[in-house]
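Structure assessment
Chain by chain, the residues run as shown.
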Amino acid sequence: MVAPKTNTQGVAPKPNQWKTPLPDTRDLEKAVNTLVTRGRFGVLKVPLGFIKVLQWFFAIFAFSTCGSYSGMFKIAVECKSWVQSDLSIEVEFEYPFRLHQEYFDAPTCKSEYKERVFLTGDYSSSAEFFVTIGVFAFLYSTAALTIYVFFFEKYKENNKGPLIDLGVTGVFAFMWLVSSAAWAKGLSNVKTATNPDEVITMINACEDDENRCREVHDPVMSGLNTSVAFGFINLVLWAGNLWFIYRETGIIADSVLAPPPQEKPAAPDAHVKQGANEQETYTNKQAGHSPDCSQEGYPQVRRQCSGNKMLQQDVQYSQGSNQQGAPTSFSNHM
């Protein structure tokens, strides 16, 4: 019987002592649950988040339908000598559509040798630009959705997040317009360069009337047509989302809630005249002068003027009575 191995201290190790401990998945699950709990997934139901989800999906559709494309068409060349004919010439092409590097071998109908024919055109610039915009739009949409769900409070802090989001979204809307228009033009050129009828004209054997050249299979361009459609759909989504991001900046709320500048209303002429008459009446009372009764005034002035007239009439009557009574009293005295 073999004795178990001992460590440096002479103690036999436990059966599971030398095994590598398995990672505890409970900590990972706890971290995931905490992250999910902190997330505000309700933002995906409002236009700001919902349109961002649509941007994420359509960006994938746009660059995948263009970047993964590969096409093929077939042509047939029937020579006068049946042995030299080739009835199934396959011509393949793919993204990024450097067609001047694509070629095929066509019979010369004069010997067993074949000539190499190259397609024409290089449309890689517009195709690669379109795919690049789609990839970057996908990455930005992913980052924006992450911020919306898990860091929306920091996104709203000091309006820095909405302002940056507004600027980046505006740039992407413009880039989608440019790239989609450029790729639509490039696709039109690709269709022309890969048209079997156009390719047949580049084969020398087809210039001879004794030989017969025809197309067997046209290239399928539905995927590329869909990519252009997705590009313009992305343009609509990114341009339309500018309004909802602009609302998050609070610029509209500040302009609506800010009170308009108030100016002190000018006093009407009647009020100015009333104030002047009252002031004049008060001044006259204080100085002991009678008011100017020749001018029209307010009731206070008219009452004062009437009182003055009555006072003057009483004084005149008293003086007249005294003057008439003096001689009578003198005659009685005599």
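Here's what I pulled together on the structure shown here. (Residues numbered from 1 in each chain as written. Predicted model: local features only at pLDDT ≥ 70, side-chain atom pairs only at ≥ 80, totals over all residues. Heavy atoms only, no water.)

Quick look at the overall build of the protein chain
When helices and strands are tallied, the protein chain shows 10 helices and 5 strands. Taking all 334 residues of the protein chain together, the buried fraction comes to 29%. Considering only contacts in the protein chain between residues 6 or more positions apart, those separated by 24 or more positions represent 69%. (Helix = DSSP H or I, 4+ residues; strand = E, 2+ residues; numbered from the N terminus. Buried < 20%, exposed > 50% of the residue type's maximum accessible area, 1.4 Å probe, protein only. Contact = heavy atoms within 4.5 Å.)

Thoughts on a negative patch on the surface
Taken together, the side chains of Asp197, Glu198, Glu215 and Asp218 define an acidic patch exposed on the protein surface. Relative to the elements of secondary structure, Asp218 occurs in the loop between strand 5 (212-217) and helix 7 (222-248). (Patch = residues over 30% accessible without salt bridge, like charges linked within 9 Å, V, L, I, M, F, W, Y side chains within 5 Å. Areas by Shrake-Rupley, 256 points an atom, 1.4 Å probe, with all protein chains shown as cover. Salt bridge = Lys/Arg side-chain N within 4 Å of Asp/Glu carboxyl O. Lys, Arg positive; Asp, Glu negative; His and termini not counted. Charge placed at Lys NZ, Arg CZ, Asp CG, Glu CD.)

Quick look at the environment of Ser125
Along the chain, the position of Ser125 falls in helix 3 (residues 124-150). Each C-alpha atom, one on Ser125 and one on Pro96, is 8.0 Å from the other, the two residues being 29 residues apart in sequence.

Thoughts on the packing of aromatic side chains
Under the defined criterion, the tally for this structure stands at 22 aromatic pairs. A ring pair is formed by Tyr69 and Phe93, whose centres lie 6.1 Å apart and whose planes are at 50°; its orientation type is tilted. In this pair, Tyr69 is assigned in the loop between helix 2 (47-67) and strand 1 (70-78) and Phe93 in strand 2 (residues 86-94), connecting sequence segments 24 residues apart. Of the two residues, Tyr69 and Phe93, both sit in the buried class. Between Tyr95 and Phe97 the ring centres are 6.2 Å apart and the planes differ by 90°, which places this aromatic pair in the edge-to-face class. Classification of Tyr95 as partly exposed rests on a relative accessible area of 22%. Ring-pair connections join several aromatic residues into one group, and the members of that group are Tyr69, Phe73, Phe93, Tyr95, Phe97, Phe130, Trp176 and Trp183. (Phe/Tyr/Trp six-rings, centres within 6.5 Å; stacked < 30°, edge-to-face > 60°.)

A short note on the sheet that holds strand 2
Across the sheet, 3 strands lie side by side as 2-1-5; this open sheet has antiparallel pairing. Looking along the sheet, the strands with just one partner apiece sit at the ends: strand 2 and strand 5. Going across the sheet, the axis of each strand differs from the next one's by a mean of 25°, ignoring polarity. Both strand 1 and strand 5 contribute to a ladder of 5 bridges, which runs antiparallel. Across the sheet, the residue bridging to Val77 is Cys213, located in strand 5. (Pairing = 2+ DSSP bridges. Axes fitted to C-alpha atoms, helices over the stretch in contact; angles between N-to-C directions.)

What about the packing of helix 2 against helix 5 (residues 160-193)?
If you want to describe how two helices pack, look at the angle between their axes and the distance between the axes. One way to put it is that helix 2 packs onto helix 5 with a least axis distance of 14 Å and a crossing angle of 30°. Accordingly, the angle class assigned to the pair helix 2 and helix 5 is roughly parallel. Helix 2 and helix 5 meet at a crossing whose hand is left-handed. Contacts between helix 2 and helix 5 involve Lys52, Ala59, Ala62 and Cys66 on the former and, on the latter, Asp165, Thr169, Trp176 and Trp183. Here the residues of the contact of helix 2 with helix 5 sort into 5 nonpolar, 1 polar and 2 charged. (Parallel < 35°, antiparallel > 145°, perpendicular 65-115°, else oblique. Left-handed = near helix turned anticlockwise from the far one by under 90°. Nonpolar A, V, L, I, M, F, W, Y, C, P; charged D, E, K, R; others polar.)

Structural notes on helix 7
The end-to-end C-alpha separation of helix 7 is 39 Å, in line with the 39 Å expected for 27 residues at 1.5 Å each. Its maximal kink placed at Leu242, helix 7 deviates by approximately 25°. Along helix 7, the residues classified as buried are Leu224, Ser227, Val228, Phe230, Gly231, Asn234, Leu235, Leu237, Trp238, Asn241 and Ile245. The secondary structure elements touched by the buried residues of helix 7 are helix 2, helix 3, helix 4 (152-156) and helix 5. (Expected span 1.5 Å × (residues − 1). Bend = angle between axes of the 7 residues up to and from the residue.)

Regarding a nonpolar patch on the surface
A cluster of nonpolar side chains, Phe174, Leu177, Val178 and Phe232, forms an exposed patch at the surface whose accessible area comes to about 330 Å². Top contributing element to the nonpolar patch by residue count: helix 5, with 3 residues. Relative to the elements of secondary structure, Val178 occurs in helix 5.

Quick word on the packing of helix 5 against helix 7
Two numbers describe how helix 5 lies on helix 7: the axes approach to 8 Å, and their chain directions differ by 165°. Overall, the two elements helix 5 and helix 7 adopt an arrangement that is roughly antiparallel. Crossing handedness for the pair helix 5 and helix 7: left-handed. Class assignment for the residues of the contact of helix 5 with helix 7 results in 19 nonpolar, 7 polar and 3 charged.

Digging into the side chain of Asn211
Tracing the sequence through the fold places Asn211 in the loop between helix 6 (196-200) and strand 5. There is a polar contact of 3.0 Å between the side chain of Asn211 and the backbone oxygen of Ala205. Discounting residues that sit within four places of it in the chain, Asn211 has contacts with Glu78, Cys79, Lys80, Cys109 and Ala205. (Polar contact = N/O pair within 3.5 Å; in protein donor to acceptor, adjacent residues only side chain to side chain.)

That's the geometry; what it means functionally is another story.
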